[in-house]
Structure formats: structure tokens, C-alpha cells
Amino acid sequence: MRLLFLLAIIFLCQQSWSQTIAYKPLADDASQLKSWDETLASEHKRLISNLPSTYKPAFKKIYEERYEGLKELTAKNRILTDSLANNYLQQMAQLIFQSNPGIPDQGYRIRFTRDDWPNAASMGEGTIIFNIGLFTKLQNESQVAFVLCHEIAHYHLKHSQRSIEHYVNTTNSDEFRAEVKKIMKSQYQQGKQAEALLKGVAFNSRRHTRENESAADSMALELLKNTPFKTEEALTCLALLDSVDTDKYNVAPPLETVFNFPQYPFQKKWVQEEQSLFNAMAASTKEEKKKERDSLKTHPDCDVRVKQLQAKVQQYSTGNKQANPLHEARFKQLQEIFDYEIIEHCYNKDEVSKSFYYTLQMLHYKPQDPYLVANTGRCLNKLYQSQKDHLLNRIVDLPSPWNEQKYNKLLQFIQKVRLNDFAAFSYYFLLPYQSANVPSEEMLVALINSKDNFNKPEEKSSLIALYNKHYPNGKLNADNNPQKK
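It should be emphasised that the depicted structure is a prediction, and the values quoted were computed from it without experimental measurement.

Basis of the calculations
- Residues numbered from 1 in each chain as written.
- Predicted model: local features only at pLDDT ≥ 70, side-chain atom pairs only at ≥ 80, totals over all residues.
- Heavy atoms only, no water.
- Helix = DSSP H or I, 4+ residues; strand = E, 2+ residues; numbered from the N terminus.
- Buried < 20%, exposed > 50% of the residue type's maximum accessible area, 1.4 Å probe, protein only.
- Contact = heavy atoms within 4.5 Å.
- Areas by Shrake-Rupley, 256 points an atom, 1.4 Å probe, with all protein chains shown as cover.
- Salt bridge = Lys/Arg side-chain N within 4 Å of Asp/Glu carboxyl O.
- Pairing = 2+ DSSP bridges.
- Axes fitted to C-alpha atoms, helices over the stretch in contact; angles between N-to-C directions.
- Left-handed = near helix turned anticlockwise from the far one by under 90°.
- Nonpolar A, V, L, I, M, F, W, Y, C, P; charged D, E, K, R; others polar.
- Parallel < 35°, antiparallel > 145°, perpendicular 65-115°, else oblique.

**Observations regarding the overall build of the protein**
- Counting its secondary structure elements, the protein contains 21 helices and four strands.
- Within the protein, the proportion of its 485 residues that are buried is 44%.
- In the protein, 73% of the contacts between residues at least 6 apart in sequence involve partners at least 24 apart.
- Working note: accessible area of the protein is about 25900 Å², and carbon and sulfur atoms make up 52% of it.

Next comes the structure, spelled out in C-alpha cells:
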């Protein structure tokens, strides 16, 4: 009986440990980033030198804005060139091109981005970005392949270019300018009239976009059927995209339990809802949200798009293809790594409330994960310092009726707690973890800052000595490095 008990304990420990990975932030390849920027600059220069003579300034302005946006991918560390992730994505793209020799594989720049929102996009000049926030929510490689085929189709069919031409030609037409002049001469409701005119342009552009989505779906299916990937997954992918805006770890952070300590009990007032302008706004927009929820989705009209493809999918289905023909283990490995990478990226770009939110959601399922524990402390320390410096609004989102209610609850909690509360949360939350034999560098820094914020100088000094012993050449940000304190 004792042996069985010990075996059961070992099994449970192994199960718990299997839920965690030794995550380290993904490292980018500096040479690839440099090459990326140089290629973008060269392509942009070529494009500007070949602008059409008609409405040339208007086209130039749009292309300049697009180029500035593309440059931000590297300037803001959004583009991901880690070899493990990038090699996998390039292998998948090449498999699609090799299976479709009629589609040239030149001129494409296909990369993952660290962005958390679930989307992929063809930028119109060869750049295709695949947000890891979408990749983590897909179920298999065939769904990934369909998304890539869809974006390749957008570029091949020149959808972005045609949309730009449609917009420029419309807004520079004699009819449109005449309407603008008429509005400017009117004495009343100029703003309302201008809004109505712009809505007309937006509606036409949007309808054009939805037509493009259907065309891209159709061509994507033609590309996918020639690959080893499972054709039926085009439909499951679209069905999944219909609800992809929902959080992956769809759980409300259990604030009442995570931040409840014997020495510092949780106070109900921190999460108690109050009648406010925000609540009134949320109530008043309920019907509006219901009416417009599909139009506000990252991927609208998915149910319609599924119906449009069903007959062709049935025709092309062979039943002998696999959902994960490339590298299933690598697919799952990257999904797990990307969950952490999103959290890290949000923190590094000062979206601390979002990093905190994703961390607490994952922590619900992986309560002993070293990175998640350390990042919880790190976020609390950052919230403390920012509130102390009166800069909390720079790193924390405000509640909004358009947010997930679970996220709003956390945002309201952050707004209600005080400076000493943040210090206490960090101190008592991390306290059980300081007894580890050799805490990670991130954990030690979080612990040291928690001692500093909670005014425990002696405890802080002993941890600094431990840090300097094990991490004499610590590479963390200088603002957080205990050697600088």
C-alpha cells in the first residue's frame, strides 16, 4: 500500500511537471532582421519610382504609410526570426509552393509576428504576416496551411493593390469632390453629412473586402487540395475563426484566491462592481454589440464562407490525407512556446495589464510554472512602480464594453487597489518560491524587487548576494537588475 501511494505521488508530480516547459524568450537573428529591412526599403523604392501618373500624390501617401507600418515590424520587435519557428513556417510555405508549381514562390516574405491578436494578413507587396496569437489557437497543421494559402491567394489575386486603387479613384473622383464641396458650403450638420459620405466609401470598401475574402477562400482551397494537407480542415478552420476572438485560456483569473493571503486577506471591495459611466455604456451598447458583433470580429462572415466552400471540399476530399503531415510535434511545441512568447512580448512593449491577464489565465492551469509565477511577480512590481510614478495609465488598459468581461474585471481590480496593496500582493505571492535551491534569474529579480517595494531591506540584501553568486553577468534590463540598485 505504501509503495502504491509513493508511485501515485510520483505520477502526479510527473503529470504536474509535464505541464510546464523551460521557457526562454525566443532569440531573433540580427542578420535576418537587417536583410528584411533592406529588402523592404529596396522594394518600396522600386514601387515609388513606378507610381502611376494619375493621382500620384495619393498613391504615394498610401504606400508611404504602408512602408512605415512595415518598418515597425522590426522596430518594435514584432517580427519573429527565431530559427526554430521561422524554419518551420518556411518549410510549410515551400511545401505549398512545391505542390502548386503554377504559383511563383518569388517575392514573398512570410514571417511570424509576436502579435497576440488572432490574425494573419497579406500586406500587398509580398509580405505575409502570421500572428502567433492565431497560430496558438489553431488545431492542426492543415488549418495553418489553409490560412497561408488564403494569404498567398490575396497576394496572387492582387486584392490589396486593387483595394488601394478603388479607394484612390473613388476619393479623387469629380463626384466625390463635388459632394465634399457641397458639404463644406452647407450651414448645418457638416459633420453628420461628412460622416455619411465617408460611411458610403467605407461600406463600398468593406463589401469589396468581403468579396475578396470569398475569392481568397476559393483559391486557397484550390492550392490546399494539391498539398499533403487535409482538405476538410479548410472548413474546420473557418468554423474555428468564427469564435477565435475568445481567449484561448478561457477562464476568469481567480483574483479572490490568487491574491488572498493569511497575512493579507483579500478584500471584496477590490472586485465589487459599481454603477458607473462604464457600466451604463456597456448596458447601452448591448444591443448595438449584438447587431454588429459579426462586423467587429477579426474574421467576419465565417458561416457564410463555410457554406460557399462545402461542395468543393466534398468534391476534393480523398480521405487519405493527414491533418498533421509536416511535423506534428513541432507544431505543438511552437504552440506551447508561443503562449509564453505572447506574454513576454506584451510585457516588453508595456502592455502590462494584458501580460498580467494572460499570465493569470495560464497560471490557473499551470500553477507551479516557474516563468508564470515569476512574471506574475514582475507584473505586480511594474504596476507598483508605475502607480508610484503616476504612470499607471501608460501600461494598463482602461475597462471597455468591447473587452472580454473577464479582462474588464482585472482592469477594474487594478484601478481599485492601492500602492501598498500591489507591494503586498507581490511580496506574499512570491514568498513561497524563494526557498527554491537556485531560483531562475527572472524569479530572483522579481523576488528582490518585491522585497524592495514591501520595505524588507534585509531580505533583499540576502537575495542580491544569491543573485550575484549565481548570475554575476546578469543580462536583464538595467532598470530591473538588482546589481544596479
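**Concerning the pattern of salt bridges**
- Scanning all chains against the criterion turns up 22 salt bridges.
- As a salt-bridge pair, arginine 114 and aspartate 28 come within 3.0 Å of each other at their nearest N and O atoms. Here the residue arginine 114 occupies a position in the loop between strand E2 (109-113) and strand E3 (120-122), and aspartate 28 occupies one in the loop between helix H1 (2-18) and helix H2 (30-49), the gap between them amounting to 86 residues.
- Residue classification places arginine 114 among the buried residues on the basis of a relative accessible area of 2%.
- Of the residues examined, aspartate 28 reaches a relative accessible area of 25% and is grouped as partly exposed.
- One salt bridge in this structure joins lysine 409 and glutamate 256, with 3.1 Å as the shortest N-O distance. Here the residue lysine 409 occupies a position in helix H18 (residues 405-416), and glutamate 256 occupies one in helix H11 (residues 255-258), the gap between them amounting to 153 residues.
- Salt bridges linked by common partners bring Asp116, Lys349, Glu351 and Lys354 together as one network.

**Thoughts on the pairing of E2**
- Extensive coverage of E2 is indicated by the burial of five of its five residues.
- Burial along E2 is two-sided: Arg109, Arg111 and Thr113 facing one way and Ile110 and Phe112 facing the other are all buried.
- As defined by bridge partners, strand E1 (residues 79-80) adjoins E2 across two bridges and the pair is classed as antiparallel. Considered in E2, the bridge of isoleucine 79 is made with threonine 113.
- Inspection of the sheet shows E2 paired to strand E4 (residues 127-131) by five bridges, in the parallel sense.

**Quick word on the packing of helix H17 (residues 370-388) against helix H20 (residues 441-453)**
- Here H17 crosses H20 at 35°, and the two axes come no closer than 9 Å. The element H17 and its partner H20 pack so that their crossing is left-handed. Here H17 contributes Pro370, Val373, Ala374, Gly377, Arg378, Asn381, Tyr384 and Gln385 to the contact with H20, which in turn contributes Glu442, Met443, Ala446, Asn449, Ser450 and Asn453.
- Residue classes in the contact of H17 with H20 are distributed as six nonpolar, six polar and two charged.

**Some remarks on the packing of helix H19 (residues 419-430) against H20**
- One way to put it is that H19 packs onto H20 with a least axis distance of 9 Å and a crossing angle of 135°. Classified by the angle their axes make, H19 and H20 are oblique. Along this stretch, H19 crosses H20, giving a crossing that reads as left-handed. Between H19, through Ala423, Ser426, Tyr427 and Leu430, and H20, the contact on the second element is made entirely by Met443, Ala446, Leu447, Ser450, Lys451 and Asn453.
- Classifying every residue of the contact of H19 with H20 by side-chain character gives six nonpolar, three polar and one charged.

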